[in-house]
Every structure is written in C-alpha cells, then in structure tokens.
Amino acid sequence: MVRVSLKESDSFEEFRDIARGLIAAEIAPDDVVLEAGGEAGLFGGVPPLPRDTPAFSVASGFIEVARDTICHRDPERFAMLYSLLWRLTHGEKSLLMVASDPLVHRLHQMQKAVRRDTHKMTAFVRFRQIADDSGERYVAWFEPEHHILRRVSKFFVDRFAAMRWSILTPEGSLHWDTQRLVHGPAIDKSHAPSGDDFEDWWRSYYRSTFNPARANPRMQRAEMPKKYWHNLPEAKTIPDLLANARQRTGRMIEAEPMAPRRAHGWTPENVAQPEASSLDALKAAAQSCTRCPLHKNATQTVFGEGPSDAPVVFVGEQPGDLEDLAGQPFVGPAGQMFDRALAEAGIDRSRVFVTNAVKHFKFEPRGKRRVHQKPNIGEIDKCRWWVESELSLIKPQFVVALGATAARSLTGRSVTIARERGRLTNWSGRAGLITVHPSFLLRLPDKAAQANEYRRFVEDLRIVGRELPAIRKVA
Ligand code: URA
C-alpha cells in the first residue's frame with residue numbers, strides 16, 4: 001500500500017503532480033491512501049514514484065471538477081478524485097457524462113457545495129474598521145465550510161484593491177496592504193473586531209433595499225442562511241422587517257397611486273440614504289458597489305474628497321482615466337483646469353468637497369487607450385444613491401453641478417446647461433448652481449472661445465465664493 005500525504009489541503013497543482021506520478025507508476029486507487037496535512041509526497045515505506053513523469057491528457061471536465069472539489073472538506077476528496085482520474089484514463093473516457101455513476105454524482109454534489117460556499121463568502125464577509133500602526137485597516141471574520149480561502153482571495157483583492165484589509169478564518173487568514181497579499185495562519189475569533197460605523201451602514205443599506213412586497217422568509221433563509229447571521233450586522237434587522245412586511249405591503253397597496261417616479265430616476269432605491277456615521281465608512285462601502293455594471297471594468301470606485309464639513313460640494317461627471325488609476329477625483333487635466341479656475345475665483349480648494357455623479361470610470365478600450373464614454377441615465381440614477389449619501393453626511397449649504405451629468409444626478413431631470421447655468425437655485429433646502437464641466441473647456445478647439453468660456457466658468461465659481469465667505473482664500 002502506498003501512502004501519500006499532501007501538504008496543501010486545497011492545491012489542485014500539488015494533487016495533479018502526485019496523481020500524474022501514481023498513474024505513471026500504474027498504482028491503482030485501491031493500492032494508495034491519499035490524505036491531506038503532511039509533507040508533500042511522503043511515501044510510507046514504498047519506493048519513490050518515477051521522476052519527470054510525462055503529462056497525459058484527460059477530459060477537460062475533470063480539471064474543473066478537481067479544482068472545485070479539492071477545496072471540499074471531505075477527507076476522502078483526494079481518493080475520490082484519484083479514482084475518477086484512474087477510471088477516466090483506464091477505459092472510461094466519458095465517465096463524467098454518466099451523472100448516475102455514484103462517484104460522479106458525489107463529486108458533482110461536492111463541487112456544488114464548494115461553489116455555493118465560495119459565493120456565500122463573497123457575499124457575506126463584512127469588514128469592520130480598526131486602526132493599526134499604519135493607519136486604518138478593515139478586518140472581517142468568516143467561517144467558510146470548505147477550504148476556499150485561497151480561491152476567494154482574488155475576488156477580495158480585486159474588489160477591495162484600495163483598502164488595507166484582513167480576513168480571519170478558523171483555517172487561515174488573508175492580509176492585503178494594497179500591494180501584496182499574504183496568507184497567514186488561522187487567527188482566533190477573539191482577535192476579530194465587532195461593531196463599528198459599518199454596522200449602521202449595512203443595516204440601513206439592507207433596510208433601504210428591502211422590499212416588503214417581495215419578502216419570502218423561506219427564500220430569504222436559502223439565500224442568507226441563518227448560520228451567517230451572527231456575523232452580519234444587517235441580520236439584526238431581518239426579524240423586524242419580516243414581521244412588518246405584511247403591514248407595509250398593505251400600506252403600499254392602499255396608498256394613493258403615485259405618478260411613476262422612475263421616469264425621473266427618483267426611485268426609492270436610489271434616493272434612500274444610509275445612516276453611515278462617517279464618510280470613511282461610506283467610502284469603504286462604496287468600494288464594493290455593484291449597483292450598475294460599470295464596476296466590472298473600472299479599476300476602483302473613485303469616491304469624493306474633501307473635508308467632511310465642507311460648506312460646498314462640487315459634483316462632476318465621472319472619474320477619468322487618471323482618476324480611475326489614482327482613486328481620487330479631479331486629478332487629471334480637467335482637475336487641473338478646475339483647480340486653476342477655483343484659484344482664480346478666490347476659492348480655497350482645501351475647503352471644498354469634490355465628487356462625481358458616477359463613481360466608476362466608463363470607457364471603451366481602443367488599442368492601449370481607454371476612451372471616456374458618457375454615463376447613461378440608468379448609471380447616473382443608480383449612482384445617485386452614493387451622491388445623496390455623501391450629501392446627507394456632509395450637509396453642505398451649497399451644491400454645484402459641473403455639467404449635464406451632475407445636473408441630472410442632482411435634479412433628477414435632463415438639463416440644458418446653456419439655459420440654466422449660473423443661476424442660484426434651491427435643491428431640497430440647499431442652495432444649488434449649475435455650471436459647465438471643466439472638460440467642456442478643454443474640448444473647445446478655438447482658443448478665443450476657450451478663453452471666453454473659461455472666464456464665464458470663473459464668474460460662476462465666484463457666485464459660490466460670494467455666498468460662502470468661509471471658502472474664500474485668505475489673501
Ligand atoms: N471629470 C470628472 O467629472 N471627474 C473627475 O474626477 C475627472 C474628470
């Protein structure tokens with residue numbers, strides 16, 4: 001009997017190399033014990049397997065099944081996979097198509113379980129903010145059912161690239177410092193923080209997206225099984241929300257029919273405001289926004305920047321190429337133009353908050369270039385939720401829309417800039433002003449027209465300075 005201990009509990013590559021050797025040595029599944037948790041390739045009293053054994057081809061479906069099931073918790077997984085491989089390479093080439101075969105059936109079930117666990121982890125990890133020696137870090141505790149830590153790491157690195165975070169589990173930990181991912185040992189749950197600003201944010205986010213008319217407790221439990229609840233801040237709201245669902249649905253039905261708000265983009269979904277108690281928490285939460293498809297191609301969410309008590313918020317369109325890479329708004333050519341105009345209007349940029357109506361860069365790849373594309377109404381309206389959230393936390397006296405996209409976001413309707421610019425107005429109790437977007441000035445081909453428009457832009461900014469002495473530069 002050959003005994004092989006695999007060093008890694010979840011490594012397809014390690015299993016593949018060992019299985020290749022076993023197949024080359026013609027060692028049948030009944031003559032080998034494969035187990036996890038030791039020194040790789042440790043053979044109990046048998047001669048080593050041939051070195052440099054040639055690769056062989058196997059049905060491509062095997063690789064997929066093996067990559068998933070290798071992460072299953074069942075200690076028999078290596079033995080089962082080796083049996084499958086043996087049979088595939090010994091006359092049962094199409095075995096994977098035989099769904100009724102007990103081995104194939106079991107492996108498919110295991111594959112599903114691993115995929116489900118992976119999905120749950122990507123959906124239910126909740127970070128809590130802490131401060132460590134190097135600044136702020138987000139830490140989450142999660143208990144996966146299977147050995148999925150390594151396979152989910154890419155998801156979290158991609159999704160939270162700009163944050164410093166750690167995920168602690170009973171089996172191991174992941175640590176990301178915005179550059180490098182480190183796999184660490186298991187860390188006890190007592191080291192995981194519990195509760196911070198995020199808790200409120202998640203709870204109010206969940207409340208705002210909960211539709212009582214669609215509440216189905218059975219489905220709810222299937223999608224968000226109870227075992228995850230203890231780790232989810234929003235779970236505390238579920239019993240209440242479900243208990244009130246019938247009443248709220250009744251009220252919705254009885255209520256006077258309203259003109260369809262969606263036509264103007266003012267849906268409850270995108271005007272609901274979270275009760276996050278800090279901009280930092282909101283910014284971190286925005287990193288995982290998937291409200292519209294733009295998050296898929298952008299490098300990161302570009303959140304607003306500036307003092308949290310700024311008297312004025314300037315809203316632009318969306319991050320450009322440079323902003324997308326830097327993770328900061330208005331740092332490219334339009335930003336430089338904007339800075340220059342602010343300075344000329346006598347406004348201190350460090351006293352204003354600058355953000356965008358759409359938080360992800362929308363572009364079309366052309367060769368090596370990423371060419372800016374205008375966000376559409378759906379994208380603007382989906383992203384309004386973040387803009388409204390920023391405004392509700394900052395509570396500025398004044399809001400300025402830079403260009404048509406921002407004007408759409410702030411007013412909920414299409415605006416002709418030439419007709420409405422430079423007029424003081426009021427949006428939900430805040431003073432508002434619409435002006436052009438600085439990139440409009442950059443696009444003007446004619447130098448004289450550019451100089452003229454630039455002068456008008458500075459004039460518009462001066463209106464804001466006149467209204468808010470607190471943002472004026474001290475001479
Ligand atoms: N244009 C914008 O509207 N926002 C930016 O951040 C950069 C360019």
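The present account deals with the structure reproduced in this document. Just so we're clear, the structure is a prediction, and the values are computed from it rather than from any experiment.

Quick notes on the pattern of salt bridges
Item 1. In total, this model carries 27 salt bridges according to the counting rule given.
Item 2. Residues Arg 115 and Glu 64 are paired through a salt bridge, measuring 3.1 Å at the closest nitrogen-oxygen approach. On the criterion of sequence distance, the pair formed by Arg 115 in helix 4 (residues 102-124) and Glu 64 in helix 2 (residues 60-69) is long-range, its members being 51 residues apart.
Item 3. Glu 390 is the partner of Lys 359 in a salt bridge, and the nearest nitrogen-oxygen pair spans 2.8 Å.

A look at the site of the ligand
Item 1. Residues in close proximity to the ligand include Gly 316, Glu 317, Gln 318, Pro 319, Gly 320, Glu 323, Pro 329, Phe 330, Asn 356 and His 437, which together make up its full environment.
Item 2. Within the complex, the protein chains bury 93% of what would otherwise be the 240 Å² of accessible surface of the ligand.
Item 3. Taken together, the residues of the shell around the ligand sort by class into three nonpolar, five polar and two charged.

Describing the environment of Ser 9
Item 1. Take Ser 9: it is sitting in the loop between strand 1 (2-6) and helix 1 (12-24).
Item 2. In sequence terms Ser 9 and Phe 78 are 69 residues apart; their C-alpha atoms lie 9.5 Å from each other.
Item 3. Those residues in contact with Ser 9 that sit more than four places away from it in its chain are Ala 36, Ile 70, Arg 77, Phe 78, His 147 and Glu 171.

What about the environment of Ser 350?
Item 1. Its place among the elements puts Ser 350 in the loop between helix 12 (333-344) and strand 10 (353-356).
Item 2. Sequence spacing of Ser 350 and Ile 471 is 121 residues, and the spatial spacing of their C-alpha atoms is 8.5 Å.

A short note on the pairing of strand 2 (residues 32-36)
Item 1. Examined bridge by bridge, strand 1 and strand 2 share five bridges and lie parallel to one another. For Leu 6, the partnering residue across the bridge sits in strand 2 and is Ala 36.
Item 2. After leaving strand 1, the chain enters helix 1 and then returns to the sheet as strand 2, a path that is right-handed.

Remarks on the packing of helix 1 against helix 2
Item 1. For the pair helix 1 and helix 2, the least separation of the axes is 9 Å and the interaxial angle reads 125 degrees. What the angle tells us is that helix 1 and helix 2 run oblique. Here the hand of the crossing between helix 1 and helix 2 comes out right-handed. Facing helix 1, whose interface residues are Phe 12, Glu 13 and Phe 15, helix 2 presents Phe 62, Ile 63, Ala 66 and Arg 67.
Item 2. The residue makeup of the contact of helix 1 with helix 2, split by class, is five nonpolar, no polar and two charged.

Here's the deal with helix 12
Item 1. An ideal rise of 1.5 Å per residue puts 16 Å on twelve residues; helix 12 measures up with 17 Å between its terminal C-alpha atoms.
Item 2. Burial in helix 12 covers these residues: Ala 334, Gly 335, Met 337, Phe 338, Ala 341 and Leu 342. The buried residues of helix 12 all sit within an arc of 160 degrees when viewed along its axis, so they share a single face. Within helix 12, the exposed residues directed more than 90 degrees away from the buried face are Pro 333 and Gln 336.
Item 3. Buried residues in helix 12 make contact with strand 9 (312-316), strand 10, strand 13 (398-402), helix 16 (438-443) and helix 17 (447-467).

Some thoughts on the sheet that holds strand 10
Item 1. Pairing is mixed in the open sheet, where five strands are placed in the order 10-9-13-15-14. One side of each edge strand has no neighbouring strand; the edge strands of this open sheet are strand 10 and strand 14 (425-427). Averaged over all pairs of adjacent strands, the angle between their axes in this sheet comes to 30 degrees, without regard to strand direction.
Item 2. Direction of pairing for strand 9 relative to strand 13: parallel, over a ladder of four bridges. In the strand pairing of strand 13, Val 315 is matched with Ala 401.
Item 3. Taken strand by strand, helix 14 (residues 404-411) contacts strand 9, strand 13, strand 14 and strand 15 (430-435), and its axis lies near 135 degrees from that of strand 13.

Definitions and limits used
Residues numbered from 1 in each chain as written. Predicted model: local features only at pLDDT ≥ 70, side-chain atom pairs only at ≥ 80, totals over all residues. Heavy atoms only, no water. Salt bridge = Lys/Arg side-chain N within 4 Å of Asp/Glu carboxyl O. Helix = DSSP H or I, 4+ residues; strand = E, 2+ residues; numbered from the N terminus. Near = heavy atom within 4 Å. Areas by Shrake-Rupley, 256 points an atom, 1.4 Å probe, with all protein chains shown as cover. Nonpolar A, V, L, I, M, F, W, Y, C, P; charged D, E, K, R; others polar. Contact = heavy atoms within 4.5 Å. Pairing = 2+ DSSP bridges. Right-handed = clockwise from strand over helix to strand, strands pointing away. Axes fitted to C-alpha atoms, helices over the stretch in contact; angles between N-to-C directions. Parallel < 35°, antiparallel > 145°, perpendicular 65-115°, else oblique. Left-handed = near helix turned anticlockwise from the far one by under 90°. Expected span 1.5 Å × (residues − 1). Buried < 20%, exposed > 50% of the residue type's maximum accessible area, 1.4 Å probe, protein only. Arc of directions from axis to C-beta.

Distances and angles like these do not, on their own, reveal function.
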